[in-house]
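Topology and contacts: notes
The lines below spell out each chain.
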Number of protein chains: 2
Amino acid sequence: MRDLLPDDAATRDHVLSAITGVYRQFGYQRIETPALEDIARLRSGEGADNEKLIYEVLRRGLPPVIEEGTELASLVDLGLRYDLTVPLTRFYANNQAQLPTPFRSLQVGPVWRAERPQKGRYRQFYQCDIDMIGEPSVLAEGELIEATVAALSAIGLDEVTVRLSDRRFLSELAAAAGIPAENSAGFFVVLDKLDKIGWDGVRTELAGLGLTPGQVDAATERIAALTDLTSAKLADVVTDALPGLRPEVIEDLAATAAVLDGLGMSWAFDPTLVRGMGYYTGQIFEISSPGSASSIAGGGRYDNLIGRWLGRGVPACGFSIGFERIVDLLGNPVSREALAVLTEPGVAVADALAVARELRQGGRVVEVIGRSGKLGNQLKRLEAAGFTAWLSLREDGPVEERPLHT
Amino acid sequence: MRDLLPDDAATRDHVLSAITGVYRQFGYQRIETPALEDIARLRSGEGADNEKLIYEVLRRGLPPVIEEGTELASLVDLGLRYDLTVPLTRFYANNQAQLPTPFRSLQVGPVWRAERPQKGRYRQFYQCDIDMIGEPSVLAEGELIEATVAALSAIGLDEVTVRLSDRRFLSELAAAAGIPAENSAGFFVVLDKLDKIGWDGVRTELAGLGLTPGQVDAATERIAALTDLTSAKLADVVTDALPGLRPEVIEDLAATAAVLDGLGMSWAFDPTLVRGMGYYTGQIFEISSPGSASSIAGGGRYDNLIGRWLGRGVPACGFSIGFERIVDLLGNPVSREALAVLTEPGVAVADALAVARELRQGGRVVEVIGRSGKLGNQLKRLEAAGFTAWLSLREDGPVEERPLHT
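Everything quoted here is computed from the prediction, not taken from an experiment. (Residues numbered from 1 in each chain as written. Chains lettered and ligands numbered in written order. Predicted model: local features only at pLDDT ≥ 70, side-chain atom pairs only at ≥ 80, totals over all residues. Heavy atoms only, no water.)

1. A short note on the overall build of chain A
To keep it simple, the criterion reads: In this description a helix means any DSSP run of H or I spanning at least four residues, a strand means any run of E spanning at least two, and both kinds are numbered starting from the N terminus. Radius of gyration here is computed from C-alpha atoms only, and the compact-globule reference equals 2.2 Å multiplied by the residue count raised to the power 0.38. Under the scheme applied here, a residue whose accessible area is under 20% of the maximum for its type counts as buried, over 50% as exposed, and between as partly exposed, the area being computed with a 1.4 Å probe on protein chains only. By definition, residues are in contact when any of their heavy atoms lie within 4.5 Å. Methods summary: accessible areas were calculated by the Shrake-Rupley approach with a probe of 1.4 Å, and residue burial reflects only the protein chains presented. Neither His nor the chain termini are counted; the positive set is Lys and Arg, and the negative set is Asp and Glu. One atom stands in for each charge, and that atom is NZ of Lys, CZ of Arg, CG of Asp or CD of Glu.
Scanning chain A from N- to C-terminus turns up 13 helices and 16 strands. A globule of 406 residues ought to have a C-alpha radius of gyration of about 22 Å, yet chain A, at 27 Å, is considerably larger. Each of the three principal axes of chain A carries a C-alpha extent, and together these read 90 × 65 × 45 Å. Within chain A, the fraction of its 406 residues that count as buried is 53%. For chain A, long-range pairs separated by at least 24 residues make up 67% of all intrachain contacts whose partners lie at least 6 apart in sequence. By element, 49% of the accessible surface of chain A is carried by carbon and sulfur atoms, the whole surface being about 17,200 Å². Chain A carries 41 positive and 56 negative side-chain charges, and their two centres are separated by 5 Å.

Listed below in structure tokens is the structure:
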């Protein structure tokens, strides 16, 4: 966890304001859930490995000395959220009567994970999620991708690439490779490690799942055949490779492909794209950018999660921007225009404030600062603090404004 | 703790944006500290009663069953912050080398207090604080009050009143009443209860502090004499009533009075204003508004707190807006202009998204929604969801836009 200094916060405010401005135009409305959730809900199994990283909160009113044999878990009733998706499922179950269908949700806020300290990983970090709840068609997928590409473009990330896959496709791929449906999650986990362990590692681990060398070859060859497909060939090649795939999966791929083609953007079908969470049920997607080794946004459809607390299926699809990664990528490009009113000793406070008030009329940032030390040194400090101009305020009035050369 | 629905979040975003826009013009820059702080720092004694309301976080990696005689406190290393001031003291100590003097800090964010549930009290709520660090003169007090009055005006709260007092004045008042300096905190606590227990209660409790009936009379008569003073008489009457008061206290009061007079606003010196926290060292102030029984903003000078972790005095002065109170006061005045594109079955997703994209060019909020059920009912639902216009999108293209009458 770390402090955000003024420059950090200004950059983040600028990025967030640009992203949320775009999302709002698509109809996404901001909601907010509390940072603390019931520990049982956080441990419901949908958080995968994140459930091991929960900051746990003690029940209130416990005695100062714990009885022998007390289980640690019995002392805890709340935890800090590790993502914005699990809280969203509770939010929707609690508030659905007051929400439209489809409901376009925008969430921006901190989440907490008790990670071991390492470079680029924070224990408190921001997530920025949009979700469309109640829309069964790939209108959701298409719009989420379009809106997120537009949001990234608004902050200057124009050269992005979208990668697309489908969990239903991956399940069929696993089945065709000889992996029974109930073990397909294991296949996903192995494939998801491709970036880290390479094809040799994937082959070894697939063999570990009980596949024969022939089955491993068949699976990896299928994946190779489905890589780098043009949009025009996608439907045919996927159908040929996996004849058992239901037609709607192909139709959905074609519809999303048409949206991506319509946007005139760089994209690819990626049969090795898995994404970590277990709850995805349909299309999954990621966005990458030249400056970043890992993806800068990711999401997908998860039709069985939102309805969990409602006892019925509720279609849903979400996209999450890796906010911290983007901020790191952009650096600190925001500067401010600020005028320093350097007040000489003897000037009455009310007079200094009145001069500054006048100067603020046009909307400028104006700070009143007491004169101290050598003028040259103070002007250098003002420059370093981001001031762009200054004027001297004496007992007989203000002296002409001058620029601070940077 | 509660969820914020889209209307709630929109109102809060509107209010925050207006307030921070004003504060930024005065040169306040947003910073952010983590929600979690070391439990020892949160329990350092400056949080007064709030220290009893901390959400405590378990250490990570504890064994699942507690050993005999384990103290609860030994299981805890972090806590959720209960205000933004204690974290600010750590922030300044850690980061002062990178901060200008004076440093104008703006903090907006949630704090947590494990309060018993009651109407209008939340366990997670937002605070909005500005602080000027490193400015010893009442330039800080005057500007903080001016900026906060301007911020409240920007959200439509124009009819506010400022109440002003000074802890140095209150200490002298206590001394003059016969209370030794080391017990003046007790005097403040009693006077602070005036709203709740009335003058009779105050008299009884002052007697309980060991004052004779004559001393109690002298103290309350002094306070009565100092109530409802005009700005012109303030310095003279305070000097007469408390001849032992140091001249700079009077000068500071006169300087802040001149600022408030210069703003042409409603204000009063209030000898019964105390404010709860122990750390104030100079002027203290509150702002009240006709619609709210309690004050909507409060603050003061606290010269001994920021330097606590630095081993030296650092002058500081802060003002905190009661954000939740203000939002409750304003209601939900924000509405949105949104166009619904009602898409008939059979329209390709890519086409629907392209039509919406075109309509968004001018900056409008445009949502794509599938046609479903009876049109009249769907239009009613759209109205209820805040849409102001709609159009029908058919396979042969869009039909003319129409307003939704509300």
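2. Things to note about the pattern of salt bridges
Inclusion rule: Put simply, a salt bridge is a Lys or Arg side-chain nitrogen that is within 4 Å of an Asp or Glu carboxyl oxygen.
The final tally for this structure, using the stated rule, is 56 salt bridges over all chains. The residue Arg90 of chain B makes a salt bridge to Glu37 of chain B at a minimum N-O spacing of 2.8 Å. Of this pair, Arg90 of chain B sits in helix H3 (residues 85–95) while Glu37 of chain B sits in strand E2 (residues 36–38), and the two are 53 residues apart along the sequence. The same class applies to Arg90 of chain B as to Glu37 of chain B, namely buried. A salt bridge links Glu286 of chain B to Arg163 of chain B; its shortest N-O distance comes to 2.6 Å. With Glu286 of chain B in strand E9 (residues 283–288) and Arg163 of chain B in strand E7 (residues 161–166), this pair connects stretches of sequence that are 123 residues apart. The exposure class of Arg163 of chain B is partly exposed, given its relative accessible area of 24%. Through salt bridges with shared partners, one network takes in Asp3 of chain A together with Glu37, Arg41 and Arg90 of chain B.

3. With respect to the pairing of strand E11 (residues 316–321) of chain B
Every other side chain in a regular strand lies on the same face of the sheet, so the side chains alternate between the two faces. Residues and elements named next belong to chain B. The criterion, for reference: Two strands qualify as a pair provided that DSSP identifies no fewer than 2 bridges between them.
Burial analysis of E11 places five of its six residues in the buried class, which makes it a mostly covered element. Examined bridge by bridge, strand E6 (residues 124–133) and E11 share six bridges and lie antiparallel to one another. Paired with Cys128 across the bridge in E11 is Ile321. One ladder, built from five bridges, connects strand E10 (residues 297–301) with E11; its direction is antiparallel. Opposite Gly298, over in E11, you have Ser320 as the bridge partner.

4. Re the packing of aromatic side chains
To keep things clear, this is the line we draw: Pairing of aromatic rings covers Phe, Tyr and Trp, the last through its six-membered ring, and needs centres within 6.5 Å; plane angles under 30 degrees mean stacked, over 60 mean edge-to-face, and all others mean tilted.
If you walk through the whole model with that rule in mind, you get 16 aromatic pairs over all chains. For the ring pair Phe91 of chain A and Phe103 of chain A, a centre distance of 6.5 Å and an interplane angle of 20° mean the geometry is stacked. Of the two residues, Phe91 of chain A sits in helix H3 (residues 85–95) while Phe103 of chain A sits in strand E5 (residues 103–112), which places them 12 residues apart along the sequence. With a relative accessible area of 0%, Phe103 of chain A lands in the buried category. Geometrically, the ring pair formed by Phe285 of chain B and Phe319 of chain B is edge-to-face, given 4.9 Å between the ring centres and 65° between the ring planes. One end of the pair, Phe285 of chain B, is in strand E9; the other, Phe319 of chain B, is in strand E11, with 34 residues separating them in the sequence.

5. What about the sheet that holds strand E8 (residues 266–269) of chain B?
Residue and element names in this part refer to chain B. In plain terms, the rule: Where helices are involved, their axes are fitted lines through C-alpha atoms of the stretch in contact, as for all axes, and angles between N-to-C directions lie from 0 to 180°.
Overall, mixed pairing links the eight strands, which are arranged E1-E5-E6-E11-E10-E9-E7-E8 in an open sheet. Each end of this open sheet is capped by a strand with a single partner; those strands are strand E1 (29–30) and E8. Each of E7, E8 and E9 is contacted by helix H10 (residues 247–262), which is oriented at about 170° to E7, the strand it contacts most.

6. Observations regarding the relation of the copies chain A and chain B
Between the two chain copies there is a screw-like relation: a rotation about an axis and a shift along it. Definition in use: The copies were overlaid with a least-squares fit restricted to C-alpha atoms from residues scoring a pLDDT of at least 70 in each copy.
It takes a turn of 180° to lay chain A on chain B, together with a shift of 0.0 Å along the axis; the resulting RMSD is 0.1 Å. The transformation just described matches what one would write down for a two-fold rotation axis. The position closest to the rotation axis in chain A is occupied by the C-alpha of Glu68 of chain A, lying 1.7 Å away. Comparing contact sets, 99% of the residues at the interface of chain A also lie at the interface in chain B, consistent with an isologous, same-surface contact.

7. Looking at the interface of chain A and chain B
For the record, the criterion: We call two N or O atoms a polar contact when they sit within 3.5 Å, provided that within protein one can donate a hydrogen and the other can accept it, with sequence-adjacent residues counted only if both atoms are side-chain atoms. Gly is placed with the polar residues, together with every amino acid not listed as nonpolar (Ala, Val, Leu, Ile, Met, Phe, Trp, Tyr, Cys and Pro) or charged (Asp, Glu, Lys and Arg).
Counting residues at the interface gives 78 residues for chain A and 77 residues for chain B. Linking chain A to chain B there are 10 salt bridges. The shortest N-O distance in the salt bridge between Arg357 of chain A and Glu146 of chain B comes to 2.7 Å. Between chain A and chain B we count 35 residue pairs in polar contact (both at pLDDT 80 or more) in total. Class assignment for the residues of the side of chain A that touches chain B results in 44 nonpolar, 15 polar and 19 charged.

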